[in-house]
Structures are given as C-alpha cells and as structure tokens.
Amino acid sequence: MVLAIDGPAGAGKSTVAERLASELGYFYFDTGVLYRAVALRSIQVGADVHDEVALGEIVRDISIQVGPPTIEDGRQLDVLLEGEDVSREIRTPAVDAIVSKVAASPAVRAGLIDLQRQQIQGRGTIMAGRDIGTVVCPDADLKVFLTASSGERALRRLRQVGGSEAELAATRAALEERDRQDSSRAISPLVRADDAVDVDSDGRSIDEVVATVRSLLRERLDARAAGARSDA
Ligand code: CDP
C-alpha cells in the first residue's frame with residue numbers, strides 16, 4: 001500500500017504523514033528533505049541556483065542519508081549530508097529562500113527520482129511531497145492533496161519554529177512565493193493529480209485530518225480486500 005500526500009508548503013503533509021505512518025507501522029518518507037539537502041549543498045559550495053551544470057554536478061556527487069531520528073529536538077528524521085547531521089540546517093530561512101529554485105532544476109529532479117522510488121519497494125509507505133501522485137509514484141493506492149489557506153499555513157509554520165506573530169506577514173509572503181514557484185515550474189509542478197482526493201485542513205486539528213486520511217485509507221484497503229475475494 002502506498003499513500004502519496006502532496007500539497008503546498010505548510011499544509012501539514014509531514015505531520016499527518018508521520019502520525020499516520022507510526023500508527024499503522026508504515027514507512028514514512030518526506031521527499032522535501034532531499035531538495036532541502038541539495039539546496040544546502042549549493043550554498044556550501046557557492047553554486048548559482050540557476051547554473052544547471054553546477055546543480056547537475058552537485059546532485060550527481062551528493063551523499064544524502066535519511067533515517068529515523070536519533071535526537072529528540074522535534075525533528076521527524078535524521079538527515080545526513082556528506083555524513084554530517086544537517087537535520088536543522090536544512091530548515092533555515094536561507095534554505096527556504098532558495099529551495100524552490102533548486103527544485104525547479106531538471107537535473108536536480110532527474111537526479112533525485114530514483115532515490116525516491118527506491119524507498120517504496122515492497123513495504124507500506126507514506127510519501128509526502130509535491131509531485132508524488134503525479135510523477136514519483138503515479139500508481140499510488142491513495143493520493144491525497146492536502147491544502148489550507150496561506151494565512152493558516154503561515155500561522156502553523158510560525159508555531160512550528162517558535163516565531164512571533166510579528167513575523168506572520170513575512171512568513172506568509174515567503175510561503176506564497178514558494179507556492180508560486182513550485183506551481184509554475186516547467187517540470188513536475190505542484191499540481192493536484194486527477195485521481196487525488198482533496199483534503200482541506202483549514203480550521204481542523206491534526207487529529208481530525210489524520211482521522212479523515214485514515215478512513216480514506218481504510219476504504220481503499222477494504223475495497224482492495226473485496227476485490228481480492230471476488231477474484232478468488
Ligand atoms: O515542509 P514544507 O512544506 O515547507 O516544504 P518541503 O516539503 O520540505 O519542500 C521544500 C521544497 O522542496 C518545496 O518548496 C519544493 O520546492 C521542493 N519539493 C519538490 O519540488 N518536490 C517534492 N516532492 C518535495 C519538495
């Protein structure tokens with residue numbers, strides 16, 4: 001069973017995906033960390049985010065390892081870049097500011113696709129991102145497109161990073177700009193897959209959203225079991 005959760009920045013994808021995966025014993029993978037790690041690497045080596053050749057070399061040579069968290073500081077995953085723990089560094093405003101430009105690079109997207117598909121093999125998986133239902137895993141058993149208004153998404157992001165209300169307008173503008181870039185890029189833009197189920201998380205608690213997605217997943221599992229019985 002593969003569940004794809006796509007949607008704009010701060011809609012709650014990773015929180016919902018992680019919660020549900022740990023409840024169900026599924027493997028959880030947040031594809032955003034890969035793009036964030038490449039963006040951080042481009043800062044470290046001083047590459048121009050519009051230089052396709054430089055980005056191609058970075059993604060060809062890069063070493064990214066993603067695993068369960070070993071430190072309790074609110075992180076969902078350990079992310080190692082060239083063997084170094086960058087789990088917090090990939091979430092800084094400097095990375096936020098360029099990650100969508102890096103993610104628009106055809107070389108970067110092509111270089112990361114196999115790594116994402118390898119995660120799925122032979123196990124129940126919940127994968128979160130922007131193009132999981134459309135490009136990475138178009139055969140996913142269930143696709144959810146998770147949205148919320150930009151005001152609510154900005155508020156949640158501020159709470160997540162412990163920011164103050166004074167930063168709300170700037171946080172909201174940064175999210176909207178990232179959405180604009182993610183939705184308008186030529187390759188694998190952020191779009192809802194035709195067969196995705198829309199889930200709006202505006203004004204709803206994490207528990208409510210998790211319950212909605214859980215019941216969608218149950219329906220799919222039941223339908224599949226019924227299909228298997230009628231085949232037998
Ligand atoms: O957590 P948040 O929603 O802020 O973003 P993220 O999931 O960590 O993704 C960071 C950025 O990576 C996005 O804004 C996209 O530009 C890019 N991304 C992508 O292009 N495709 C994916 N499957 C996942 C992330």
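Conventions used here
- Residues numbered from 1 in each chain as written.
- Predicted model: local features only at pLDDT ≥ 70, side-chain atom pairs only at ≥ 80, totals over all residues.
- Heavy atoms only, no water.
- Core = buried A, V, L, I, M, F, W, Y, C linked by side-chain atoms within 4.5 Å.
- Buried < 20%, exposed > 50% of the residue type's maximum accessible area, 1.4 Å probe, protein only.
- Helix = DSSP H or I, 4+ residues; strand = E, 2+ residues; numbered from the N terminus.
- Contact = heavy atoms within 4.5 Å.
- Near = heavy atom within 4 Å.
- Polar contact = N/O pair within 3.5 Å; in protein donor to acceptor, adjacent residues only side chain to side chain.
- Areas by Shrake-Rupley, 256 points an atom, 1.4 Å probe, with all protein chains shown as cover.
- Nonpolar A, V, L, I, M, F, W, Y, C, P; charged D, E, K, R; others polar.
- Pairing = 2+ DSSP bridges.
- Axes fitted to C-alpha atoms, helices over the stretch in contact; angles between N-to-C directions.
- Salt bridge = Lys/Arg side-chain N within 4 Å of Asp/Glu carboxyl O.
- Expected span 1.5 Å × (residues − 1).
- Parallel < 35°, antiparallel > 145°, perpendicular 65-115°, else oblique.

## Focus on the nonpolar core
(1) Moving on: If you look at the biggest cluster of nonpolar residues, it comprises 58 residues, and the most contacted ones within it are L3, I5, V38, I64, I126, V144 and L146.
(2) Moving on: Ranked by residue count, the leading element in this core is helix α2 (residues 32-44), at seven residues.
(3) Moving on: Contacts of I5, omitting those with residues within four sequence positions, involve K13, V16, A17, I126, M127, A128, G129, V144 and L146.

## Quick word on the site of the ligand
(1) Moving on: Around the ligand sit 19 residues, and of these R36, R109, R157, R178 and D182 come closest.
(2) Moving on: One nitrogen or oxygen atom from the side chain of R109 is found 2.7 Å from an oxygen atom belonging to the ligand.
(3) Moving on: Measuring from a nitrogen atom of the ligand, one finds a side-chain N or O atom of D131 at 2.9 Å.
(4) Moving on: The protein chains hide 97% of the 530 Å² of surface that the ligand would expose on its own.
(5) Moving on: Elements that contribute at least two residues to the shell around the ligand include exactly α2, α4 (93-103) and α8 (168-184).
(6) Moving on: Here the shell around the ligand is composed, by residue class, of four nonpolar, five polar and 10 charged.

## Description of the side chain of D78
(1) Moving on: Looking at where D78 falls in the secondary structure, it is placed in strand β4 (residues 78-81).
(2) Moving on: Reaching out from D78, the side chain makes a polar contact with the side chain of T70 at a distance of 2.5 Å.

## As for the sheet that holds strand β3 (residues 64-67)
(1) Moving on: In spatial order, the strands read β3-β4-β5; together these three strands make up an open sheet with antiparallel pairing. Each edge of the sheet is formed by a strand with only one pairing partner; in this case those strands are β3 and β5 (84-85).
(2) Moving on: Note that β3 and β4 share four bridges and pair antiparallel. Bridge pairing in β4 places Q65 opposite L80.

## Describing the sheet that holds strand β1 (residues 2-6)
(1) Moving on: Strand order in this open sheet of five strands is β2-β6-β1-β7-β8, and the pairing throughout is parallel. Of all strands in the sheet, those with a lone pairing partner are β2 (27-30) and β8 (197-200), marking the two edges. Neighbouring strand axes in the sheet, compared pairwise and without regard to direction, differ in orientation by 20° on average.
(2) Moving on: Along the sheet, helix α5 (residues 106-120) makes contact with β1, β2 and β6 (125-129), crossing β6 at roughly 155°.

## Description of the environment of A11
(1) Moving on: Within the secondary structure, A11 is located in the loop between β1 and α1 (13-24).
(2) Moving on: Between the alpha carbons of A11 and R156 there is a distance of 8.5 Å; along the sequence they are 145 residues apart.
(3) Moving on: In this structure, A11 is in contact with L146, T147, A148, R153, R156 and S201, ignoring residues within four places of it in sequence.

## Considering the pattern of salt bridges
(1) Moving on: Per the counting criterion, the structure on display carries 19 salt bridges.
(2) Moving on: The residue D207 makes a salt bridge to R19 at a minimum N-O spacing of 2.7 Å. Of this pair, D207 sits in helix α9 (residues 206-231) while R19 sits in helix α1; the two residues are 188 residues apart in sequence, bridging distant segments of the chain.
(3) Moving on: One salt bridge connects E176 with R172, and the closest N-O pair in it is separated by 3.3 Å. Residue E176 and its partner R172 are both found in helix α8; the two are separated by four residues, about one turn of the helix.

## Regarding helix α7 (residues 150-161)
(1) Moving on: Between its terminal C-alpha atoms α7 stretches 16 Å, which fits the 16 Å expected from 12 residues at 1.5 Å a residue.
(2) Moving on: G162 sits one or two positions beyond α7 and adopts a positive phi of about 70°.

## Observations regarding the packing of α2 against α4
(1) Moving on: Close contact between α2 and α4 brings their axes to 8 Å; oriented N to C, the two are set at 105°. If you check the angle between α2 and α4, you find them roughly perpendicular. In this structure, α2 contributes Y35, R36, V38, A39, L40, S42 and I43 to the contact, and α4 contributes A94, V95, D96, I98, V99, V102 and A103.
(2) Moving on: Here the residues of the contact of α2 with α4 are counted per class, giving 11 nonpolar, one polar and two charged.

## Some words on the environment of A196
(1) Moving on: For A196, the location among the structural elements is in the loop between α8 and β8.
(2) Moving on: Here the alpha-carbon distance between A196 and A223, two residues 27 residues apart in the chain, equals 17 Å.
(3) Moving on: Excluding residues that lie within four positions of it along the chain, A196 makes contacts with K143 and F145.

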